[in-house]
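Residue-level structure breakdown
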Amino acid sequence: MSMGQHGTVEAFFKEVPTDSGACLSEWLAGQSQEVWAHVIRGLEGQQGTPEARALEWMVGRRELDRSNAVRLFWSLFNAEVWMGTREDARIASAMERLVERFEAGFYTLQALEITRAEAFCFRHRLRRVVRRARAEGWSDGDAAFAIPQAFVRPMKGLAVSDQPGLHPSRVLTGELRRAAEGLGTGLMVAGRSVMAARRREAWRGWFKLRALQGVAVGGLAAASAGGWMFVTQDMRQMLAMVGY
């Protein structure tokens, strides 16, 4: 069954119906999109683990909030696979299908926000990857697919609550239910830590921007009309360095 055909946890995890990824997905099926937002953040950097398969399961879910689709992309994102320097058909398929569905309007719900801090971190991450790759001879045409501009921009919507309400699974029972609840709540804690780190990164970028603007203003005061062209050019280069 392809990723485009699956719709239920049972169908997607039919080969390993009781592993941690399947249990986590079954638990998530009864949770709000705010809970999904925290779990998606918490699973960032855990590619290759059974529970990270829940991210791939989310790609096929129509109830996925568009803001969570953006978060999901960056939790799935593997720079080497996207650049074409490493083969991983499963991750490549998940990323590309997510982009296709996002652009085709498959995910219709847009209730939650992407904060400016999150957008800054996504944009900065992509620019670091591209800058490093270009220095090594990579070109944009080698990318497996184009990343939508919406994936590096803020989105308007409701703020994600730090403590969204949780609902007991209607499917899982006994040990499986307790394991899924423990895993889910643990990932929510990890997700809040990821968001706190993104806020700190965005603040550092903001302070760098203000410092660079101060340098530019000082340069303007001393520059002639002809020299200002070079000041603004340098300013653009410095802003690009900090992700703006």
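Placed above this text is the structure.
An account of the accompanying structure is given in this report. Just so we're clear, the structure is a prediction, and the values are computed from it rather than from any experiment. (Residues numbered from 1 in each chain as written. Predicted model: local features only at pLDDT ≥ 70, side-chain atom pairs only at ≥ 80, totals over all residues. Heavy atoms only, no water.)

**Re the overall build of the protein chain**
For the record, the criterion: By definition, any uninterrupted DSSP run of H or I lasting at least four residues is a helix, any uninterrupted run of E lasting at least two residues is a strand, and each is numbered from the N terminus. Remark: exposure states derive from per-residue accessible area (1.4 Å probe, protein chains only) relative to the maximum for the residue type, with buried under 20%, exposed over 50%, and partly exposed in between. Any two residues having at least one pair of non-hydrogen atoms within 4.5 Å are treated as being in contact.
Secondary structure assignment for the protein chain yields ten helices and zero strands. For the protein chain, the α and β elements follow one another from N to C terminus as α-α-α-α-α-α-α-α-α-α. Looking at the 244 residues of the protein chain, the share that counts as buried comes to 43%. Counting only contacts in the protein chain whose residues sit at least 6 apart along the sequence, the fraction spanning at least 24 positions is 80%.

**Quick look at the layout of surface pockets**
Heads up, the rule is: Definitions used throughout: a 1 Å grid over protein atoms alone; a cavity as a set of points that fits a 1.4 Å probe which cannot get out; a pocket as an open set with protein on both sides within 12 Å along at least five of seven lines; a lining residue as one with an atom within 4 Å of a point. Grid points are joined across faces, edges and corners, and a volume is the space filled by probe spheres set on the points. Gly counts as polar in this scheme, as do all residues outside two lists: the nonpolar Ala, Val, Leu, Ile, Met, Phe, Trp, Tyr, Cys and Pro, and the charged Asp, Glu, Lys and Arg.
The calculated volume of the largest pocket comes to roughly 360 Å³. The leading source of residues in the lining of the largest pocket is helix H8 (residues 116–135), at six residues. A breakdown of the residues in the lining of the largest pocket according to their chemical character gives eight nonpolar, one polar and five charged.

**Focus: the packing of aromatic side chains**
Under the convention used in this document: To pair, rings of Phe, Tyr and Trp, with the six-membered ring standing in for Trp, must have centres within 6.5 Å; the planes then decide the type, stacked if under 30 degrees apart, edge-to-face if over 60, and tilted in the middle. Look at NZ for Lys and CZ for Arg. If either is within 6 Å of the ring centre and within 35 degrees of the ring normal, a charge sits over the ring.
Per the stated rule, a full pass over the model turns up eleven aromatic pairs. Taking 6.1 Å as the distance between ring centres and 80 degrees as the angle between the ring planes, the aromatic pair formed by Phe73 and Phe145 counts as edge-to-face. Of this pair, Phe73 sits in helix H5 (residues 66–76) while Phe145 sits in the loop between H8 and helix H9 (174–222), and the two are 72 residues apart along the sequence. For Phe145, a relative accessible area of 10% translates into the label buried. Among the aromatic residues, ring-to-ring pairing joins Phe73, Trp74, Phe77, Trp82, Phe102, Phe122, Trp138, Phe145 and Phe151 into one connected group. Over the aromatic face of Phe106 sits the side chain of Arg101, whose NZ or CZ is 4.4 Å from the ring centroid.

**A look at the nonpolar core**
For the record, the criterion: Grouping buried Ala, Val, Leu, Ile, Met, Phe, Trp, Tyr and Cys residues that are joined through side-chain atoms within 4.5 Å yields what is termed a nonpolar core.
Core analysis: the biggest nonpolar cluster contains 52 residues, and Phe73, Trp74 and Trp82 have the highest contact counts within it. Counting five residues, the second largest nonpolar core, distinct from the first, contains Phe120, Cys121, Met195 and Ala202.

**Things to note about helix H7 (residues 89–104)**
Our working rule: Helix span is expected to be 1.5 Å times the residue number reduced by one.
End to end, H7 covers 22 Å across 16 residues, agreeing with the expected 22 Å (1.5 Å per residue, within 8%). Looking only at H7, the buried set comprises Ile91, Ala94, Met95, Leu98, Val99, Arg101 and Phe102. The inward-facing, buried residues of H7 contact helix H4 (53–59), H5 and helix H6 (79–83). Immediately downstream of H7, the backbone of Gly105 shows phi near 80 degrees, a positive value.

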